[in-house]
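# Architecture at a glance
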Amino acid sequence: MARHAVLFALCLIGAGDAWADDGYPTVARVDYVLGCMAANGQSQEAMRKCSCSIDEVAARFPYDKYVAIETARVMQDAPGERASLVRGAAWLKDLQEEFRQIQVAADLKCF
């Protein structure tokens, strides 16, 4: 969770201003790869597969939607009433399902 909060904060203050043609800043790509490697192993092979995965995701899922997903993840873990508004949002569940399907397809291609 802390990693996502840092990513969100960096995006807000303008850090990581190197952007790929698809709109994903380098910091977002690195964050994705690091999380993927934490789940799949800390090897060169995992890094290549995780890099492939974010390339596939970025090609099919606009960055503004990705920011919404990451922000929602942070907020869903937060305590309080404001976080409960995010937890029950139907539009967010649909967006999360869309992202999950794209991520599964990316992982099938890359792994």
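Residues numbered from 1 in each chain as written. Predicted model: local features only at pLDDT ≥ 70, side-chain atom pairs only at ≥ 80, totals over all residues. Heavy atoms only, no water.

Attention now moves to helix α6 (residues 90-110). The end-to-end C-alpha distance of α6 is 30 Å, a good match for the 30 Å that 21 residues give at a rise of 1.5 Å each. Residues Leu-92, Leu-95, Phe-99, Ile-102, Ala-106 and Cys-110 constitute the buried set of α6. Considered in projection along α6, the buried side chains sweep an arc of 95° and stay on one side of the axis. Opposite the buried face of α6, by more than 90 degrees, sit the exposed residues Ala-90, Asp-94 and Leu-108. (Helix = DSSP H or I, 4+ residues; strand = E, 2+ residues; numbered from the N terminus. Expected span 1.5 Å × (residues − 1). Buried < 20%, exposed > 50% of the residue type's maximum accessible area, 1.4 Å probe, protein only. Arc of directions from axis to C-beta.)

Our next topic: the state of the cysteines. Working definition of a disulfide: a covalent bond connecting the sulfur atoms of two cysteines. Under the defined criterion, the tally for this structure stands at two disulfides. Across the disulfide from Cys-36 sits Cys-50; the S-S distance is 2.1 Å. Here the S-S torsion is close to -75°, and the disulfide linking Cys-36 with Cys-50 is therefore left-handed. Here the residue Cys-36 occupies a position in helix α2 (residues 26-40), and Cys-50 occupies one in helix α3 (residues 44-60), the gap between them amounting to 14 residues. (Disulfide = S-S within 2.5 Å.)

On to the confidence of the model for the protein, then. Regions with low pLDDT should not have their predicted coordinates read in detail. Taken residue by residue, the protein gives an average pLDDT of 85. The fraction at 70 or more is 82%. Overall, residues 4-16 carries pLDDT values under 50, and its contacts beyond four positions in sequence, including any with other chains, amount to 17 contacts. (pLDDT = per-residue confidence, 0-100. Contact = heavy atoms within 4.5 Å.)

Take the packing of α2 against α3 next. When two helices pack together, you describe them by how their axes are tilted relative to each other and by the distance separating the axes. Between α2 and α3, whose axes approach to 9 Å, the crossing angle comes to 130°. Classed by the angle they form, the pair α2 and α3 counts as oblique. For α2 against α3, the interelement crossing comes out right-handed. Facing Arg-29, Tyr-32, Val-33, Cys-36, Met-37 and Asn-40 of α2, the residues of α3 in contact are Ala-46, Met-47, Cys-50, Ser-51, Ser-53, Ile-54, Asp-55, Val-57 and Ala-58. By residue class, the composition of the contact of α2 with α3 is ten nonpolar, three polar and two charged. (Axes fitted to C-alpha atoms, helices over the stretch in contact; angles between N-to-C directions. Parallel < 35°, antiparallel > 145°, perpendicular 65-115°, else oblique. Left-handed = near helix turned anticlockwise from the far one by under 90°. Nonpolar A, V, L, I, M, F, W, Y, C, P; charged D, E, K, R; others polar.)

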